[in-house]
Amino acid sequence: MNIGVVVFPGSNCDHDCRYVFRDVLGQDVTMVWHKERSVSGLDAIVLPGGFSYGDYLRTGAIARFSPVMEAVREYAEEGGLVLGICNGFQILLEAGLLPGAMLRNDSLHFICRDVYVKVENAATPFTGACESGQVLQIPIAHADGHYYADPVTVASLKANAQIVFRYCMPDGRVTKEANPNGSLDNIAGICNAAGNVLGMMPHPERCAESILSNDDGRIILASMVEGLKKRRRAEEWGEISEVQGNKAVIPSRAEDGLKIRGGRGKV
Amino acid sequence: MPPITDDLIAQHHLTRDEYQRIVTILGRDPNLTELGMFSVMWSEHCSYKSSRVHLNKLPTSGPRVVQGPGENAGAVDIGDGLCAVFKMESHNHPSFIEPYQGAATGVGGILRDIFTMGARPIALLDSLRFGELNVSQNRRLMKGVVAGIAGYGNCMGVPTVGGETVFNEIYSLNPLVNVLCLGIAEKDKIFRGAAAGIGNPVIYFGSKTGRDGIHGATMASDSFDDESERKRPTVQVGDPFQEKLLLEACLELMAADLLVGIQDMGAAGLTSSSCEMASRAGTGIELDVALVPRREPGMTPYEVMLSESQERMLMVAKAGKEDECIAICRKWDLDVAVIGWVTGDGVLRVKDQGTIVAEIPAKALADEGPRYDRPYSPPAYQDLLTNLNYDVIPDVKDANAALLSLLESPTIASKRWIYEQYDHMVRTNTVVRPGSDAAVVRIKGTPKAVAMTIDCNSRYCLLNPYEGARLAVAEAARNLVCSGAEPIGLTDCLNFGNPERPDIMWQFVMAVEGLADACEFLKIPVVSGNVSFYNETNGLSIYPTPMVGMVGLIDRVERAMTQWFKEEGDDIILLGATRDDLGGSEYLKIMHSREQGSPPFLNMEAEKALHDCVLTLVRGGLVQSAHDCSDGGLAVALAESCLSAPGRQLGAAVQLTRGRLRKDAVLFGESQSRVVLSAKPAHREAVLERAKSFAVPAAVIGTVGGDRLVVSLGDERSAANVIDAPLSTLHDRWARSLERVLNET
Amino acid sequence: MKAKIHVTLKQGILDPQGKAIEHALETLGFKNAANVRVGKYLELDLDEQDRAKAEVEVKSMCEKLLANTIIEDYRFELT
Amino acid sequence: MKAKIHVTLKQGILDPQGKAIEHALETLGFKNAANVRVGKYLELDLDEQDRAKAEVEVKSMCEKLLANTIIEDYRFELT
Ligand SMILES: Nc1ncnc2c1ncn2[C@@H]1O[C@H](COP(=O)(O)OP(=O)(O)O)[C@@H](O)[C@H]1O
Ligand SMILES: [Mg+2]
């Protein structure tokens, strides 16, 4: 697969995303400069973490006007997979590709540490290898991760199963104590209604190798790659039935033989 | 321009003699711009005038040294065609004036020192000293400094992986903020700051120039009094976003083979970068300040040459490559301008719209500043400090309570409140995060990793600066070997009071000699460093604080070691001998309010044997954890091995014998050359045997397991539990102490 | 023309920064202060003589960039 | 009484945020905007009837906490 990693001025997890997709998961990676106006030929797009434009004014507020974002929007509308991690999530919110907004962490501090998240929706193209309710340990590193949306939006997120990850205790309980930043309903990651755009504050690319003492993040990234492969096979074999409109139906469970390690704390 | 008066000379912190020297060099009186340029370059901060004669004693060579002191940073060979480029810098004075910006721009400065060498920065460490946290001003300073380091480092995408934080009243009006940065470069692609090649263009790039920090360099050589707190100079404000663009642009420029030399504009800004680059190459530079991009109207040549605006660089390009250089800078949205060229006459010639405004031999400015061999002698109070009659100090009654007090004291307590605000994981290389003896960062594309630590016990240095400096080197190296790394290079940041005082100068000279001897013995070269004098307020100096930053190499990253216990049933083994070493201990300070005595005894042979032994054990896969004993002694080291695990914490049951020692000396004394190991019982014999072969004392002192730390003390006939506490209690005291005090606004 | 723009958190959205400042003021002995709210204040010069046009322009800046209207209100004056 | 407080960077102090916003406005086509400066705006309720006393109190809050007078200026009004 060819994964595009967008480089905004001030992106700093772009290298990490390239490393994990290319060197850990064995995929092709294309770095996409923010001034590009086309993203054609890519199988998925990652908006990496960092401090695009210094995060001045508001996180993601300036980056969303980068020329590439128009192309990303079209790509998403056509059903392409878009993953926004941390600052990438914030950019997706500012760009309106995902609903809601980000506020400062309740503590007013930047927080860098491992947290636990519960997979609330294991049927997205990003969580296909997860079990519903599975608990993953993933690090966060942000100062603005307090997700906010108005009650109507939240209700529709819930109704459409768009809440993909929530902060939880190691045993899966979703509690106030488990919430590192004050995020509404412990929301750590959401997707759009079509399910092909995911934004998440935790950094799966930081925990995808056992040498980093945790490889839970690999499950998410590998889900994405395997989903893409499956979609391509479906297209190649002309199994049109598997494809509805523009949106491929991605299997919600890892197939047998899918090599994904990690996944501690299953509940 | 105003005439040069005695007043003006004094305002520029130049002595009459220094001024005469300038007149001799120029063969005439300087004008104001020239006076300003000399004053910054000949300041203590830039010229090392009081320290140079002593710094020459440090061992700076070795088989791995690729670049020793003298460049923007030092470099050591780590194999695979790569080298580690590193340096430590202080930003003490600016951080006291404005903690957030002072600390932030300190990070910015040291990062530039690393990437100007062609290295991508991969790790930062910070070493901090504050006054006690019961004073709200100290809490405010600490919060500001930590936020500033986080604000800059996080935005740059360089992980802050470790550091050191110590609290003592003496730092209340002189906090220390030292930052170490390490980068990785290809060995044969290191860039140096030399302006070679007559006719080559000199190009300015980065941020625009404003009136920031004019006289910052001379200010850093000035001590504080109540007056200077009021007349605050313009504060430099950092823009980490701009620096991130600068970093990426620099690495792109370097990869494109366009440059002859490059240097950042740090202290003394455009003046230092231009004259140092010319001096290194034996050339001259001619530049026109009118071409320098500016943020503010009406700036004089004096101001442009002395401005310390951040995030700026100077490069000398290969002739004809200027357009390509400019294109790369523009791609990264940086201001850029060709402001001059390299000349053959050795003169730094500054013009303003074509009119000459300054003309100084570059070498005289950069390298021929005054050198002083200042008088030094030990202070009269030195004996009072070391002569401590232990008979008047009762031995510990409630060791349990003492342990809790020590664990809770901010110097020993967990620094999580600090390092959680730092992104310590970005770049996905941090194999051992903050919270163990040393941070370990892997080098992608190789099987290796580097380990890094900063250490200095300044109380030891106060009591005996020579021994204190040796102890700092020993502790740093010990922290590295505990992490499985072989020490390969050292950088220092020497923080002292006013060198014009013989007692302070004595502390400095002794400390440098201690550093030199320890490094010589352990064969660890000093490749870079920094001196910060005048850390003194209202006549009160800080403790001598020669901070030691050390870098080690781990040949196989998967063998990196951590300090916490791993498995129930493992043996706990103590390497090294325990002596009566209570002098200068954290225990005496916390429990008896004394900062007295002689610092712990250090035998370098024993220390070196311990290092070799620990490295062999770790590399041989014979141990599960290794933790050095430092502040708080053996009891604290044991508690830390129980408490610092990121996952499940494991207790321990330990039996210690006392011999003829005091109870408190056994538990809390800070005897050197000791390490707490844990090992699988199956490896017990092998571990003890190896230790014996290195002539390192070793004893099995207990077992890992349970949810309490229990320590008994006695002899064969009778032993009593002197420490017995649930981990939850210990953990609460140790882990939450900082946040508890800091929440008191 | 100069535009002075205030961007504030919408009523009902928690303002932890305001809370922290309130708490700090209290410990400093300022017991009379309550309901501290923190917002942004921007100033900019606008090279535009026509007041009506300037209004339209600044409004558009606010809507597009300066404020996130999901969480923030804005108001401005031109002088 | 309500206090409305403006905290702005002193003249000559670098405003990285303002610079970035100006640049963004320009790329968005707002070519007329220049000299963007970003500051803070605070509102608080003061339980104090006496205007003179309130002035003294707010000034002291600004000096002690709300503004960093090394790099920032402040002004306020009471309503
Ligand atoms: N200012 C700081 N920034 C980052 N990490 C820190 C800081 N201060 C302490 N630490 C981390 O906390 C841990 C304990 O520090 P310390 O007690 O100084 O260790 P040691 O005694 O082994 O040198 C180390 O991992 C260290 O890196
Ligand atoms: Mg240690």
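I will try to describe carefully the structure that is included in this document. Everything quoted here is computed from the prediction, not taken from an experiment.

1. Quick look at the overall build of chain B
1) Next: Scanning chain B from terminus to terminus reveals 27 helices and 28 strands.
2) Next: Its C-alpha radius of gyration of 26 Å places chain B within 12% of the 27 Å reference for a compact globule of 745 residues.
3) Next: Expressed as a percentage of its 745 residues, the buried residues of chain B come to 67%.
4) Next: Taking the contacts inside chain B whose residues are at least 6 apart along the sequence as the reference set, 84% of them involve residues at least 24 apart.
5) Next: Each charge class in chain B was averaged separately, 72 positive and 95 negative side chains, and the resulting centres sit 4 Å apart.

2. Some remarks on the coordination of the magnesium ion (ligand 2)
Residues and elements named next belong to chain B.
1) Next: In the first shell of the magnesium ion (ligand 2), the protein supplies Asp437 (OD), Asn479 (OD1) and Asp628 (OD), at 2.0 to 2.3 Å from the metal.
2) Next: Spacing between the donor residues of the magnesium ion (ligand 2) along their common chain follows D-x41-N-x148-D. In this pair, Asp437 is assigned in the loop between β14 (430-432) and β15 (439-442) and Asn479 in helix α20 (residues 465-482), connecting sequence segments 42 residues apart.
3) Next: A relative accessible area of 11% places Asp437 in the buried class.

3. A word on the sheet that holds strand β3 (residues 72-78) of chain C
1) Next: One open sheet accounts for six strands, arranged β3(C)-β1(C)-β2(C)-β2(D)-β1(D)-β3(D); its pairing is antiparallel. Because the sheet does not close on itself, it has two edges, and the strands there are β3 of chain C together with β3 (72-78) of chain D. The mean inter-strand angle of the sheet, taken between neighbouring strand axes irrespective of direction, is 25°.
2) Next: Relative to strand β2 (residues 33-46) of chain D, strand β1 (residues 2-9) of chain D runs antiparallel, the two sharing six bridges. Bridging from a neighbouring strand, D:Lys4 pairs with D:Glu43 of β2(D).
3) Next: Its contacts with the sheet place helix α1 (residues 16-27) of chain C against β2 (33-46) of chain C together with β2 of chain D, and it is angled at close to 120° to β2(C).

4. Considerations on the pattern of salt bridges
1) Next: As enumerated under the stated definition, the model contains 74 salt bridges over all chains in all.
2) Next: For the salt bridge of B:Lys589 with B:Glu132, the shortest nitrogen-to-oxygen distance reads 2.8 Å. Here B:Lys589, found in helix α22 (residues 586-592), pairs with B:Glu132, found in the loop between β4 (120-130) and α8 (136-156); they are 457 residues apart in sequence, far enough to count as distant.
3) Next: On the basis of relative accessible area, B:Lys589 is assigned to the buried category, the value being 13%.
4) Next: In this structure, the salt-bridge partner of C:Asp73 is C:Lys10, at a minimum N-O distance of 3.2 Å. With a gap of 63 residues between them, C:Asp73 in strand β3 and C:Lys10 in the loop between β1 (2-9) and α1 connect regions that are remote in the sequence.
5) Next: Classification of C:Lys10 by relative accessible area gives partly exposed; the value is 25%.

5. Notes on the sheet that holds strand β9 (residues 284-288) of chain B
Residues and elements named next belong to chain B.
1) Next: Strand order in the open sheet formed by seven strands is β8-β10-β7-β11-β9-β12-β13, with mixed pairing between adjacent strands. Edge positions in the sheet fall to β8 (259-264) and β13 (355-361), since each of these pairs with one other strand and no more. Along the sheet, successive strands turn relative to each other by an average axial angle of 20°, direction set aside.
2) Next: Bridge count for β8 against strand β10 (residues 312-317) is five bridges, and the pairing is antiparallel. Looking at the pairing, Gly261 lines up with Val316 of β10.
3) Next: Contacting β12 (347-352) and β13, helix α3 (residues 32-41) runs over the sheet at an angle of about 35° to β13.

6. A word on the interface of chain C and chain D
Accessible area lost on assembly of the parts is the figure often given for the size of an interface.
1) Next: In this assembly, 31 residues from chain C lie in contact with 31 residues from chain D.
2) Next: Summing both partners gives a buried area of about 2,700 Å² for chain C against chain D, and 62% of it is carried by carbon and sulfur.
3) Next: Contact with chain D buries area across many residues of chain C, yet C:Phe30, C:Asn32 and C:Tyr41 alone supply 24% of it, more than any other trio.
4) Next: The salt bridge involving D:Arg75 is made with C:Glu43; its shortest N-O contact spans 3.8 Å.

7. Quick notes on empty space enclosed by the protein
Over the atoms a probe the size of a water molecule is rolled, and this reveals where empty space is left.
Residues and elements named next belong to chain B.
1) Next: Tallying each qualifying case throughout the model produces five cavities of 30 Å³ or more.
2) Next: For the largest cavity, the calculated volume is near 850 Å³.
3) Next: Here the element with the most residues in the lining of the largest cavity is strand β5 (residues 160-167); it accounts for eight residues.
4) Next: Its residues placed into classes, the lining of the largest cavity shows 18 nonpolar, 16 polar and 14 charged.

8. Looking at the state of the cysteines
Throughout this description, disulfide means a covalent bond between two cysteine sulfur atoms.
Residues and elements named next belong to chain B.
1) Next: Counting across every chain of the model gives zero disulfides over all chains.
2) Next: Cys613 carries a free sulfur, and the closest cysteine sulfur to it, the one in Cys482, is 11 Å from it.
3) Next: Taking the relative accessible area as the measure of exposure, Cys613 reaches 0% and is therefore buried.

9. Looking at the relation of the copies chain C and chain D
1) Next: When chain C is brought onto chain D, the operation consists of a screw motion whose angular component is 180° and whose axial shift is 0.1 Å, with 0.2 Å RMSD remaining. Such a combination of turn and shift is consistent with a two-fold rotation axis. Rotation axis and chain C: the residue whose C-alpha lies nearest the axis is C:Lys40, separated from it by 2.4 Å.
2) Next: Mapped onto chain D, 100% of the interface residues of chain C are again interface residues, and the two copies thus contact each other with one and the same surface.

10. Description of the interface of chain C and chain A
1) Next: Of the residues lining the interface, 14 residues belong to chain C; the matching set on chain A comes to 16 residues.
2) Next: Here chain C meets chain A over a buried area of about 1,300 Å², counting both sides, of which 69% is carbon and sulfur.
3) Next: Taken as a group, C:Pro16, C:Leu65 and C:Ile70 account for 35% of the area that chain C buries against chain A, more than any other trio of residues on that side.
4) Next: For the pair chain C and chain A, the interface holds one salt bridge.
5) Next: Between C:Glu72 and A:Arg58 there is a salt bridge, and its shortest N-O distance comes to 3.8 Å.
6) Next: Every element with two or more residues in the side of chain C that touches chain A is listed here: α1 and α2 (51-66) of chain C.

11. Let's talk about the site of ligand 1
Residue and element names in this part refer to chain B.
1) Next: Around ligand 1 lies a shell of 19 residues, among which Asp126, Thr165, Gly435, Ser436 and Asp455 are the nearest.
2) Next: Measuring from an oxygen atom of ligand 1, one finds a backbone N or O atom of Gly435 at 2.6 Å.
3) Next: Applying the majority rule of atoms within 2 Å of the grid points places ligand 1 in the largest cavity.
4) Next: For the shell around ligand 1, the elements supplying multiple residues, two or more each, are β4, β5, α18 (416-419) and α20.
5) Next: Here the residues of the shell around ligand 1 are counted per class, giving five nonpolar, seven polar and seven charged.

12. Focus on the packing of aromatic side chains
1) Next: Taken as a whole, this structure holds eleven aromatic pairs over all chains when the rule is applied.
2) Next: A centroid spacing of 6.3 Å and a plane angle of 15° characterise the contact between A:Phe89 and A:Tyr147, whose relative ring orientation is stacked. Of this pair, A:Phe89 sits in helix α3 (residues 87-94) while A:Tyr147 sits in strand β8 (residues 146-148); the two residues are 58 residues apart in sequence, bridging distant segments of the chain.
3) Next: What links up through ring pairs into an aromatic cluster is the set A:Tyr53, A:Tyr56 and B:Phe241.

13. A look at the side chain of B:Gln382
Residues and elements named next belong to chain B.
1) Next: Relative to the elements of secondary structure, Gln382 occurs in helix α16 (residues 382-386).
2) Next: Using a relative accessible area of 8% as the deciding quantity, one classes Gln382 as buried.
3) Next: Looking at Gln382, its side chain comes within polar contact range of the main-chain oxygen of Leu462, at 3.0 Å.
4) Next: When residues no more than four places from it in sequence are discounted, the contact partners of Gln382 are Leu462, Leu463, Asn464, Pro465 and Trp506.

14. Some details on the packing of α20(B) against helix α23 (residues 604-619) of chain B
Residue and element names in this part refer to chain B.
1) Next: One can describe the packing of α20 onto α23 by two numbers: an axis separation of 9 Å at closest approach and a directional angle of 10°. In terms of their interaxial angle, α20 and α23 are classed as roughly parallel. Seen from above, α20 lies across α23 with left-handed handedness. Across from Arg470, Ala474, Ala477, Arg478, Val481 and Cys482 in α20, the residues of α23 making contact are Met604, Glu607, Leu610, His611, Val614, Leu615 and Val618.
2) Next: Classifying every residue of the contact of α20 with α23 by side-chain character gives nine nonpolar, one polar and three charged.

15. A word on the nonpolar core
1) Next: Judged by nonpolar contacts, the single largest core of 169 residues is most densely connected at A:Phe21, A:Phe165, B:Met142 and B:Phe205.
2) Next: Among the elements that take part in this core, helix α11 (residues 240-255) of chain B stands out by supplying nine residues, more than any other.
3) Next: Among residues more than four places away in sequence, those in contact with A:Phe21 are A:Ile3, A:Gly26, A:Gln27, A:Val29, A:Val46, A:Leu221, A:Met224 and A:Val225.
4) Next: In this structure, B:Trp506, B:Leu522, B:Leu553 and B:Leu602 belong to the second largest nonpolar core, which totals 83 residues.

Here is what the cut-offs are and how they apply
- Residues numbered from 1 in each chain as written.
- Chains lettered and ligands numbered in written order.
- Predicted model: local features only at pLDDT ≥ 70, side-chain atom pairs only at ≥ 80, totals over all residues.
- Heavy atoms only, no water.
- Helix = DSSP H or I, 4+ residues; strand = E, 2+ residues; numbered from the N terminus.
- Rg over C-alpha atoms; globule rule 2.2 N^0.38 Å.
- Buried < 20%, exposed > 50% of the residue type's maximum accessible area, 1.4 Å probe, protein only.
- Contact = heavy atoms within 4.5 Å.
- Lys, Arg positive; Asp, Glu negative; His and termini not counted.
- Charge placed at Lys NZ, Arg CZ, Asp CG, Glu CD.
- Donors = N, O, S within 2.8 Å, 3.2 Å for Na, K, Ca; no water.
- Pairing = 2+ DSSP bridges.
- Axes fitted to C-alpha atoms, helices over the stretch in contact; angles between N-to-C directions.
- Salt bridge = Lys/Arg side-chain N within 4 Å of Asp/Glu carboxyl O.
- Buried area = accessible area lost by both parts, 1.4 Å probe.
- 1 Å grid on protein atoms, 1.4 Å probe; cavity = no way out; pocket = protein on both sides within 12 Å on 5 of 7 lines; lining within 4 Å.
- Points joined across faces, edges and corners; volume = space filled by probe spheres on them.
- Nonpolar A, V, L, I, M, F, W, Y, C, P; charged D, E, K, R; others polar.
- Disulfide = S-S within 2.5 Å.
- Least-squares fit on C-alpha atoms with pLDDT ≥ 70 in both.
- Near = heavy atom within 4 Å.
- Polar contact = N/O pair within 3.5 Å; in protein donor to acceptor, adjacent residues only side chain to side chain.
- Sits in = over half its atoms within 2 Å of the grid points.
- Phe/Tyr/Trp six-rings, centres within 6.5 Å; stacked < 30°, edge-to-face > 60°.
- Parallel < 35°, antiparallel > 145°, perpendicular 65-115°, else oblique.
- Left-handed = near helix turned anticlockwise from the far one by under 90°.
- Core = buried A, V, L, I, M, F, W, Y, C linked by side-chain atoms within 4.5 Å.

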